[in-house]
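Secondary and tertiary structure notes
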Amino acid sequence: MQVTFWGVRGSIPSPGPATVRYGGNTTCIAVRTDANDLLILDAGTGIYPLSRTLQAEHPLQAHLLITHSHWDHIHGLPFFEPNFVEGNLLHLYGLADPLGKKGIEHVLDVQLQHSYFPVLESEMKGRVVPHTVKAGERTRIGSAWVTPYPTCHPVASLGYRIEADGKSMFFTGDHEPPEAALDPAHPDFEQQRQAARALEQQLIDGMSGVDLLIADSSYTSAEYPAKRGWGHGTFASSLHYAERARVGTLAFTHHEPTRSDDELEAAFAQAMQQRPRQGWQAQCLLAKEGLRLSL
């Protein structure tokens, strides 16, 4: 199984000289199984450069796993070039909209309105097949097994565990440690804390023993108090998950868009210096565009 990063920034694309080493595109990760099945995690702007590499694969069948429908995770989808080529097939997976009660197809329904994009879905020559998934339901996709897990974010959101070829990985999508996000002054705090701890344990179980954990690490510990409730993790919280789940490698991602590459490396170095010296020690790295990991 090979994992390639095509977008690693969070919230908004941040191109420019200050982000050229790690990249300015938003979240997109490609996973290739040994059988050459293509699974794509999220459709941020990184999905466009990925799509440019797929032109020779015709007819193409790809599987796109959406963690949630915030713009930075979907706004590259209309520019996924295989959708414009007859004979290509894109399977689109994600949660139903809990408010509108629509399936994952609502993402394209909204994006491809003429007010926002000049090409209608009906004018695309490739075929898109939506699959609405539920947390906890393990699904076979090609030669891989995929299990979605609920995560903590201001909208309904999923993380995904992928298992193939005797290897495994977990991608958190956007995730904030659930108990840390709670307000102790809330009248239902104790009930909320119990639910948060149950969610945390679900995630630890989903991450358990994976060869690669890709985790939302947007903030430093010093920055987090001002960002509490925004739905994102820290370097320290990602290390905490890696230790509890005993993962092989931890890749920090969803880099803060205002953070330059130099500042990102400094934050990473500080996190490594402050990490606990006892307990499980995963290999740690900063996700960057173009980085390919063979599991």
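The sections below set out a description of the structure shown in this document. (Residues numbered from 1 in each chain as written. Predicted model: local features only at pLDDT ≥ 70, side-chain atom pairs only at ≥ 80, totals over all residues. Heavy atoms only, no water.)

One open sheet accounts for 7 strands, arranged S6-S5-S4-S3-S2-S1-S14; its pairing is mixed. Strands with a single pairing partner mark the edges of an open sheet, and in this sheet they are strand S6 (127–132) and strand S14 (292–294). Within the sheet, the average angular offset between the axes of one strand and its neighbour, ignoring direction, is 20°. With 4 bridges joining them, strand S2 (residues 28–32) and strand S3 (residues 38–41) adopt antiparallel strand pairing. Bridge assignment links Ala30 to a residue of S3, and that residue is Ile40. (Pairing = 2+ DSSP bridges. Helix = DSSP H or I, 4+ residues; strand = E, 2+ residues; numbered from the N terminus. Axes fitted to C-alpha atoms, helices over the stretch in contact; angles between N-to-C directions.)

Before going further, it helps to spend a moment on empty space enclosed by the protein. In the structure shown here, the tally under the stated rule is 3 cavities of 30 Å³ or more. Along the walls of the largest cavity sit Leu239, Ala242, Glu243, Arg275, Pro276, Gln278, Trp280, Gln281 and Ala282, which together make up its complete lining. Of the residues contributing to the lining of the largest cavity, the split by class is 5 nonpolar, 2 polar and 2 charged. Roughly 50 Å³ of internal volume is contained in the second largest cavity. The wall of the second largest cavity is formed by Thr172, His175, Ala215, Asp216, Ser237, Ser238 and Tyr241. When contributions to the lining of the second largest cavity are tallied by element, the ones reaching two or more residues are strand S11 (212–216) and helix H5 (235–245). (1 Å grid on protein atoms, 1.4 Å probe; cavity = no way out; pocket = protein on both sides within 12 Å on 5 of 7 lines; lining within 4 Å. Points joined across faces, edges and corners; volume = space filled by probe spheres on them. Nonpolar A, V, L, I, M, F, W, Y, C, P; charged D, E, K, R; others polar.)

This paragraph deals with the packing of aromatic side chains. If you walk through the whole model with that rule in mind, you get 4 aromatic pairs. Summarising the aromatic geometry, the rings of Tyr149 and Phe170 are spaced 5.7 Å apart at their centres and angled 50° between planes, so their arrangement reads as tilted. Here Tyr149, found in strand S8 (residues 144–150), pairs with Phe170, found in strand S10 (residues 167–171); they are 21 residues apart in sequence, far enough to count as distant. Grouping residues by exposure puts Tyr149 and Phe170 together as buried. In textbook terms, an aromatic cluster arises when at least three aromatic residues are bridged by ring pairs, as seen for Phe235, Phe252 and Phe268. A cation over an aromatic ring shows up here: Lys288 above the ring of Tyr22, its NZ or CZ 5.4 Å from the ring centre. (Phe/Tyr/Trp six-rings, centres within 6.5 Å; stacked < 30°, edge-to-face > 60°. Buried < 20%, exposed > 50% of the residue type's maximum accessible area, 1.4 Å probe, protein only. Lys NZ or Arg CZ within 6 Å of the ring centre and 35° of its normal.)

Membership of the largest hydrophobic core comes to 26 residues, with the highest contact counts inside it found for Leu41, Leu65, Ile162, Met169 and Ile214. When residues of this core are traced back to their parent elements, those giving at least two are strand S1 (2–7), S2, S3, S8, strand S9 (158–164), S10 and S11. Excluding residues that lie within four positions of it along the chain, Leu65 makes contacts with Leu39, Ile40, Leu41, Asp42, Tyr93, Ile141, Val146, Tyr160 and Ile162. (Core = buried A, V, L, I, M, F, W, Y, C linked by side-chain atoms within 4.5 Å. Contact = heavy atoms within 4.5 Å.)

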